[in-house]
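Tertiary structure, described
The residues making up each chain are set out below.
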Amino acid sequence: MHIRALTTLGTLCAVAVLATAAGTAPVTRPAPAPTEHSPQQRTGLPVLVDCLWHPHVRPSDFMLACGDGNSRLASLSWSRWDAETARAEGVNWVNDCKPYCAAGRFHAYPVTVRLDDPQPWKKRPGLSRYSRITLEYADSRPEQFSQTVSYPLWD
C-alpha cells in the first residue's frame, strides 16, 4: 500500500509540473535594436541577419544551415563592407553527412564570401540587410557544391 501511495503522489506531482509548464507563456525578448553607437546606425550600412534574427556588421562567423548546423562560416576577415556589397575571406565548415549527418565529419574549405543585394529588412524597415550570399571556393569544395554558389538570405 505504501508503494501505491508514493506512485500516486509522484504521478500527481508530475501532472502538476506539466500543467504549470503548459500554462506558462514563454518569455520572448525582441532582438536588441542597434544603439546610436553601432556601425549600422552611424553609417547606414546594411547588416547581415543571423539565425536568431540579430543584425551583425562584419561578423567573424556565420551559420549558413540554421536548421541543423551542418554548414557554417568561420574566421571571416572582411575586406569590404559598404552600402552595396561586402567581401570576406574565411573557411566554410561543412558536414559530409556520411553515412548520415549525425555520424558525419566536418571538413574545412577556404572560401570567399560576398554579400549583396541590400533590401529593407521586413522585421525592422529602418534597417537595410544584405539579401544574398555568394560563396566562391578556392580549390577544394564539398562534393555536392559547384565552385560558386549563391543563396538568398532570410528576411
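Residues numbered from 1 in each chain as written. Predicted model: local features only at pLDDT ≥ 70, side-chain atom pairs only at ≥ 80, totals over all residues. Heavy atoms only, no water.

1. Quick word on the overall build of the protein
The test is simple: Helix and strand definitions follow DSSP, with helices as H or I runs of at least four residues and strands as E runs of at least two, each counted in order from the N terminus. By the convention used here, residues are in contact when the closest approach between their heavy atoms is within 4.5 Å. Surface accessibility in these figures is a Shrake-Rupley result with a 1.4 Å probe; residues are shielded only by whichever protein chains are displayed.
Of the regular secondary structure elements, the protein holds 2 helices and 8 strands. Ordered by position from N to C terminus, the α and β elements of the protein give α-α-β-β-β-β-β-β-β-β. Pairs at least 24 residues apart make up 40% of the contacts formed inside the protein by residues separated by at least 6 positions. Of the roughly 9900 Å² that the protein leaves accessible, carbon and sulfur atoms contribute 59%.

2. Looking at the pattern of salt bridges
Just so we agree on the cut-off: Salt bridge, as applied in this entry: a Lys or Arg side-chain nitrogen positioned within 4 Å of an Asp or Glu carboxyl oxygen. Only protein chains enter the accessibility calculation, which uses a 1.4 Å probe; a residue whose area is less than 20% of its type maximum is buried, one above 50% is exposed, and one in between is partly exposed.
Applying the stated criterion across every chain yields a total of 6 salt bridges. Asp82 is the partner of Arg80 in a salt bridge, and the nearest nitrogen-oxygen pair spans 2.6 Å. Glu136 serves as the salt-bridge partner of Arg114, at 2.6 Å between the closest nitrogen and oxygen. Here Arg114, found in strand S6 (residues 106-120), pairs with Glu136, found in strand S7 (residues 128-137); they are 22 residues apart in sequence, far enough to count as distant. The partly exposed category is assigned to Glu136, whose relative accessible area is 26%.

3. Considering the sheet that holds strand S4 (residues 71-81)
Under the convention used in this document: A pair of strands counts as paired when DSSP detects no fewer than two bridges linking them.
Reading across the sheet, the 6 strands line up as S3-S4-S5-S6-S7-S8 and stay open at both edges, with antiparallel pairing between neighbours. Sheet topology places strand S3 (62-63) and strand S8 (148-152) at the edges, where each strand pairs with a single neighbour. The sheet contact formed by S3 and S4 spans 2 bridges and is antiparallel. Along S4, the bridge assignment pairs Met63 with Arg72.

4. Notes on the packing of aromatic side chains
Stated precisely, the cut-off is as follows: Working definition: rings of Phe, Tyr and Trp (its six-membered ring) pair if their centres are within 6.5 Å, and the pair is stacked with planes under 30 degrees apart, edge-to-face with planes over 60 apart, and tilted otherwise.
In the structure shown here, the tally under the stated rule is 5 aromatic pairs. Between Tyr109 and Tyr137 the ring centres are 6.4 Å apart and the planes differ by 90°, which places this aromatic pair in the edge-to-face class. With Tyr109 in strand S6 and Tyr137 in strand S7, the pair connects residues that are 28 residues apart, well separated along the chain. The buried category is assigned to Tyr109, whose relative accessible area is 13%.

5. A closer look at the environment of Ser140
Considering the arrangement of structural elements, one finds Ser140 in the loop between S7 and S8. Once the C-alpha coordinates of Ser140 and Pro110 are considered, the two residues, 30 residues apart in sequence, prove to be 7.7 Å apart. When residues no more than four places from it in sequence are discounted, the contact partners of Ser140 are Tyr109 and Pro110.

6. Section: the state of the cysteines
Threshold: Cysteine sulfur atoms are paired as a disulfide whenever they come within 2.5 Å of each other.
Enumeration over the complete set of coordinates arrives at 2 disulfides. Across the disulfide, Cys51 is cross-linked to Cys66 (sulfur-sulfur distance 1.7 Å). Across the S-S bond linking Cys51 and Cys66, the dihedral sits near -80°, which makes this disulfide left-handed. Of this pair, Cys51 sits in the loop between strand S1 (48-49) and strand S2 (55-56) while Cys66 sits in the loop between S3 and S4, and the two are 15 residues apart along the sequence. Take Cys51: its relative accessible area is 28%, and that puts it in the partly exposed class.

7. Let's talk about the environment of Ala86
Relative to the elements of secondary structure, Ala86 occurs in strand S5 (residues 86-95). The exposure class assigned to Ala86 is buried, which follows from its relative accessible area of 0%. Along the primary structure Ala86 and Val113 are separated by 27 residues, whereas in three dimensions their C-alpha atoms are 8.0 Å apart. Apart from residues lying up to four places away in sequence, Ala86 is in contact with Trp78, Arg80, Trp81, Val113, Arg114, Leu115 and Tyr130.

8. Digging into the confidence of the model for the protein
We count it as follows: Confidence scores here are pLDDT values: one per residue, from the predictor, ranging 0 to 100.
Chain-level statistics for the protein give a pLDDT mean of 80 and a share of 72% at 70 or above. Averaged pLDDT values over the elements of the protein bottom out at 39 in helix H1 (residues 2-23) and peak at 98 in S4. Scored below 50 in pLDDT, residues 1-42 makes 24 contacts in the model with residues more than four places away or belonging to other chains.

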